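Overview (structure and organization)
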Amino acid sequence: MVRYSVINNKNPREIILLKGTGCFWKKCIFCDYYLDSDKDIDKNFEFNNKIIQQVTGIYNKLEVINSGSFLELDKKTLGQLLKTCQEKNINILHLESHWFYRDKLNSWKEIFKKIGTDLKIKIGVETFDYDFRENFLKKGIQEKSPKKISEKFDECCLLFGLPGQTKKSMIDDINLGLKYFERVCINIFVENKTKIKPDKSVVLDFINNIMPIYINNNRIDILLNNTDFGVGAK
């Protein structure tokens, strides 16, 4: 599995895939990413530190993902990230978090702000359709208002290619994401070990009728495959 890569096009940055103790939620019906985890925090730090050492600071921006929330990384790993951001002059650090940790995010922003690093925290909202998100996808985000979600998070991830989605619903999600968040990352659902399967007609509708509209928008990343950032299982 590739754990380090460099994104050279939109929002150029380095990206690393670390290993945490595993997503606490584990209820999203479409997700099996939490399998990339280990309960042994000492082992995780040793593993993660080797990946963090690859960061060069080439673009002064770094994105960290870990198949869960960044607060599920061990303390030593978080400390090493802080040290690396300072040593490599990382001005912007992109992290991911579940809604559950929303009230702990500002304190972490303050910690990194002291070394001159601006935290941009992303939430995997998947869709702003509350009923679809909570009753079908089981995301665990107890907030209906996109605006209120954006008060806690800077960026959002959307997930397309699911049964029941339409061209209108996808465009509505994108426009809400652009209205309330700094950046939007669109992920196309790919088959994994969960029971839910991608709807090929929805995927084709996105590729043919929606992607051409937004492909050149510098605030939007589009991942047709979950390895398009260069990290993950190949």
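Attention in this report is confined to the structure presented alongside it. (Residues numbered from 1 in each chain as written. Predicted model: local features only at pLDDT ≥ 70, side-chain atom pairs only at ≥ 80, totals over all residues. Heavy atoms only, no water.)

1. Brief notes about the layout of surface pockets
Of the pockets and cavities examined, the largest pocket occupies roughly 1100 Å³. For the lining of the largest pocket, the elements supplying multiple residues, two or more each, are strand S2 (13-17), strand S3 (61-65), strand S5 (118-126), strand S6 (155-160) and strand S7 (183-188). By residue number, the principal contributor to the lining of the largest pocket is S5, which donates four residues. In terms of residue class, the lining of the largest pocket is built from 24 nonpolar, 13 polar and 11 charged. Here the second largest pocket defines a volume of roughly 240 Å³. Forming the boundary of the second largest pocket are 14 residues, of which Asn9, Asp221, Ile222, Asp228 and Phe229 lie nearest the centre. Mapped by element, the contributors of at least two residues to the lining of the second largest pocket are strand S1 (4-7) and strand S8 (220-223). Residue classes in the lining of the second largest pocket are distributed as seven nonpolar, four polar and three charged. (1 Å grid on protein atoms, 1.4 Å probe; cavity = no way out; pocket = protein on both sides within 12 Å on 5 of 7 lines; lining within 4 Å. Points joined across faces, edges and corners; volume = space filled by probe spheres on them. Helix = DSSP H or I, 4+ residues; strand = E, 2+ residues; numbered from the N terminus. Nonpolar A, V, L, I, M, F, W, Y, C, P; charged D, E, K, R; others polar.)

2. With respect to the sheet that holds S5
Read from one edge to the other, the open sheet built from eight strands follows the order S1-S2-S3-S4-S5-S6-S7-S8, with strand pairing classed as mixed. Looking at strand neighbours, the two that pair on one side only are S1 and S8, the edges of this open sheet. Taking each pair of neighbouring strands and ignoring which way they run, the sheet shows an average axis angle of 20 degrees. Looking at chain direction, strand S4 (residues 92-96) and S5 are connected through five bridges and run parallel. Directly across from Ile92, in S5, lies its bridge partner Asp118. Strand contacts of helix H6 (residues 167-180): S5, S6, S7 and S8, with the helix running at about 175 degrees to S6, the strand carrying the most contacts. (Pairing = 2+ DSSP bridges. Axes fitted to C-alpha atoms, helices over the stretch in contact; angles between N-to-C directions. Contact = heavy atoms within 4.5 Å.)

3. Focus on the pattern of salt bridges
The tally for this structure, following the rule as stated, stands at 15 salt bridges. Across the pair Lys152 and Asp103 runs a salt bridge whose closest N-O atoms are separated by 3.1 Å. With Lys152 in the loop between helix H5 (146-150) and S6 and Asp103 in the loop between S4 and helix H3 (105-113), the pair connects residues that are 49 residues apart, well separated along the chain. Residue classification places Asp103 among the exposed residues on the basis of a relative accessible area of 58%. Note that Lys120 and Asp118 form a salt bridge whose closest N and O atoms lie 3.3 Å from each other. Among the charged side chains, a salt-bridge network with shared partners connects Arg13, Glu63, Lys122, Arg183 and Asp221. (Salt bridge = Lys/Arg side-chain N within 4 Å of Asp/Glu carboxyl O. Buried < 20%, exposed > 50% of the residue type's maximum accessible area, 1.4 Å probe, protein only.)

4. Looking at the packing of H6 against helix H7 (residues 200-214)
Relative to each other, H6 and H7 sit at 40 degrees, their axes nearing to 10 Å. Between H6 and H7, the angle falls in the class oblique. Along this stretch, H6 crosses H7, giving a crossing that reads as right-handed. Between H6 and H7, the contacting residues are Lys167, Met170, Ile171, Ile174, Asn175 and Leu178 on the first element and Val202, Asp205, Phe206, Asn209, Ile210 and Tyr214 on the second. For the contact of H6 with H7, a count of residues per class yields eight nonpolar, two polar and two charged. (Parallel < 35°, antiparallel > 145°, perpendicular 65-115°, else oblique. Left-handed = near helix turned anticlockwise from the far one by under 90°.)

5. Points about the environment of Asn217
Tracing the chain through its elements places Asn217 in the loop between H7 and S8. Asn217 gets classed as partly exposed once you look at its relative accessible area, which sits at 24%. Through-space distance from the C-alpha of Asn217 to that of Val184 is 9.9 Å; in sequence the pair is 33 residues apart. At 2.8 Å, the side chain of Asn217 and the backbone nitrogen of Arg219 are in polar contact. (Polar contact = N/O pair within 3.5 Å; in protein donor to acceptor, adjacent residues only side chain to side chain.)

6. Focus: the nonpolar core
Grouped together as the largest cluster of nonpolar side chains are 47 residues, with contacts concentrated most on Ile16, Val64, Leu81, Ile174, Ile186 and Phe206. Residue contributions to this core peak at six residues, all from H7. Ignoring sequence-local partners within four residues, the contact set of Leu81 consists of Ile16, Leu18, Ile52, Leu62, Val64, Leu73 and Phe112. Counting residues in each nonpolar core, the second largest holds 10 residues, with Trp25, Cys28, Phe132 and Phe189 among its members. (Core = buried A, V, L, I, M, F, W, Y, C linked by side-chain atoms within 4.5 Å.)

From the geometry alone we can't say anything about function, so treat these as descriptive.
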